[in-house]
Amino acid sequence: MADGVSACLITKTDTNPFFVKMKEGAEAKAAELGVTLKSYAGKIDGDHESQVAAIEACIADGAKGILITASDTKAIVDSVKAARDAGVLVIALDTPLDPIDAADATFATDNFQAGLLIGQWAKATLGDAAANAKIAMLDLAISQPSVDVLRDQGFLQGFGIDLADPNKWGDETDPRIVGNEVTAGNEEGGLKAMESLLAKDPEINVVYTINEPSAAGAYEALKAIGREKDVLIVSVDGGCPGVANVKDGIIGATSQQYPLQMAALGVEAIAKFAADGSKPAPTEGKAFFDTGVALITDKPAAGVDSIDTAKGTDLCWG
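So, a few notes on the structure that sits alongside this text.

About the criteria used
- Residues numbered from 1 in each chain as written.
- Predicted model: local features only at pLDDT ≥ 70, side-chain atom pairs only at ≥ 80, totals over all residues.
- Heavy atoms only, no water.
- Pairing = 2+ DSSP bridges.
- Helix = DSSP H or I, 4+ residues; strand = E, 2+ residues; numbered from the N terminus.
- Contact = heavy atoms within 4.5 Å.
- Axes fitted to C-alpha atoms, helices over the stretch in contact; angles between N-to-C directions.
- Expected span 1.5 Å × (residues − 1).
- Buried < 20%, exposed > 50% of the residue type's maximum accessible area, 1.4 Å probe, protein only.
- Phe/Tyr/Trp six-rings, centres within 6.5 Å; stacked < 30°, edge-to-face > 60°.
- Disulfide = S-S within 2.5 Å.

## Topic: the sheet that holds strand 11 (residues 289-290)
Inference 1: Pairing within the open sheet is parallel, and its six strands lie in the order 2-1-3-4-5-11. Both edges of this open sheet fall to strand 2 (36-41) and strand 11, since each of them pairs with a single strand only.
Inference 2: In the sheet, strand 1 (residues 6-11) pairs with strand 3 (residues 65-68) via four bridges, with the strands oriented parallel. Opposite cysteine 8, over in strand 3, you have isoleucine 66 as the bridge partner.
Inference 3: Across the face of the sheet, helix 9 (residues 259-276) comes into contact with strand 1, strand 3, strand 4 (89-93), strand 5 (105-108) and strand 11 while running at roughly 170° to strand 4.

Have a look at this one:
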């Protein structure tokens, strides 16, 4: 038991089902280990200032460790350094900091791999038509947090598109890309972004989305012009609503990640650090601890490993 040990969980929002499940995982593991957990969240995805204030509060409270999904992966680094200088273990969950070693450890989905899988699936599903695809890229935020870049670039590589600078999105020159729009990771943002790109090219037939809420918004925009049946939408998350949308044919395929496990492992690491000063090690060959990813689709494509929506429903969250 880690009685007397306190920890903080700082998420991007407290409404996104991904972060709700992350909080559940952290709370359950904290209760099991006797860790006192305080939770903080931004008001919206991208609310950097609230996260800075939360780190300051955690340091002042004498927290032994902080788990954080950063809204701005570059700007948060100074605050994280202040926490580490004060002897606090800082673990990034889901979203690596920029640079990744600004945190003591990162527990995350391999977001590049998550994007790669949906890119490979889309390319294999289209077959010869992939050579003439018209692709809409629905990203997260202008600040391009690491999770945003990794998923976008993974998708493009999986689809067979040359990456210009793999550390940012939007600089590719492949004519198949109609354009990039940001969504703030929610349904309304997805709807508006899709409308903007359809205005640019109404013949878009592949839609990459940063997450499933933005995919749902994109679908609504396509439905409004009667094109929901002939466009491939792919996404990342694996939340229960997203898996249901794959089952219903709204999303063609999604890459599922495992937030509950990320958070539980993070709390365990803080308890261990408090007990003996040890810090978690990354997965061999990677700069972070890989918490796993699986492609979910009911239309498997040759050469791309996947599980169906029945299995995905067993593993989903939210």
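## Details of helix 9
Inference 1: If you check helix 9, its first and last C-alpha atoms are 26 Å apart, about what 18 residues at 1.5 Å a residue would give, namely 26 Å.
Inference 2: The set of residues buried in helix 9 consists of Pro259, Met262, Ala263, Ala264, Gly266, Val267, Ala269, Ile270, Ala271 and Phe273.
Inference 3: Where helix 9 is buried, its residues touch strand 1, helix 1 (17-33), strand 3, strand 4 and strand 5.

## What to know about the packing of aromatic side chains
Inference 1: All told, the structure shown has five aromatic pairs when counted by the stated rule.
Inference 2: Consider the rings of phenylalanine 18 and tryptophan 317, whose centres lie 5.0 Å apart with planes at 75°: the pair is edge-to-face. Of this pair, phenylalanine 18 sits in helix 1 while tryptophan 317 sits in the segment after helix 10 (309-315); the two residues are 299 residues apart in sequence, bridging distant segments of the chain.
Inference 3: For phenylalanine 18, a relative accessible area of 3% corresponds to the buried category.
Inference 4: Here phenylalanine 107 and phenylalanine 289 contribute two aromatic rings whose centre-to-centre distance is 5.3 Å and whose plane-to-plane angle is 65°, an arrangement assigned as edge-to-face. Placement of the pair is phenylalanine 107 in strand 5 and phenylalanine 289 in strand 11, with a sequence separation of 182 residues.
Inference 5: For phenylalanine 107, a relative accessible area of 5% puts it in the buried group.

## Regarding the state of the cysteines
Inference 1: Under the counting rule described, the total for this entry stands at two disulfides.
Inference 2: Here cysteine 8 is linked by a disulfide to cysteine 58, with a sulfur-sulfur distance of 2.2 Å. Disulfide cysteine 8-cysteine 58: the torsion about the S-S bond is -120°, which places it as left-handed. One end of the pair, cysteine 8, is in strand 1; the other, cysteine 58, is in helix 2 (residues 48-61), with 50 residues separating them in the sequence. For the pair cysteine 8 and cysteine 58, a shared accessibility class is recorded, and that class is buried.
Inference 3: Here cysteine 240 engages in a disulfide with cysteine 316; their sulfurs sit 2.0 Å apart. Residues cysteine 240 and cysteine 316 share a disulfide whose torsion about the S-S bond is about 95°; that sign makes it right-handed. Taken together, the positions of cysteine 240 in helix 8 (residues 240-247) and cysteine 316 in the segment after helix 10 put the pair 76 residues apart, joining distant regions of the chain.

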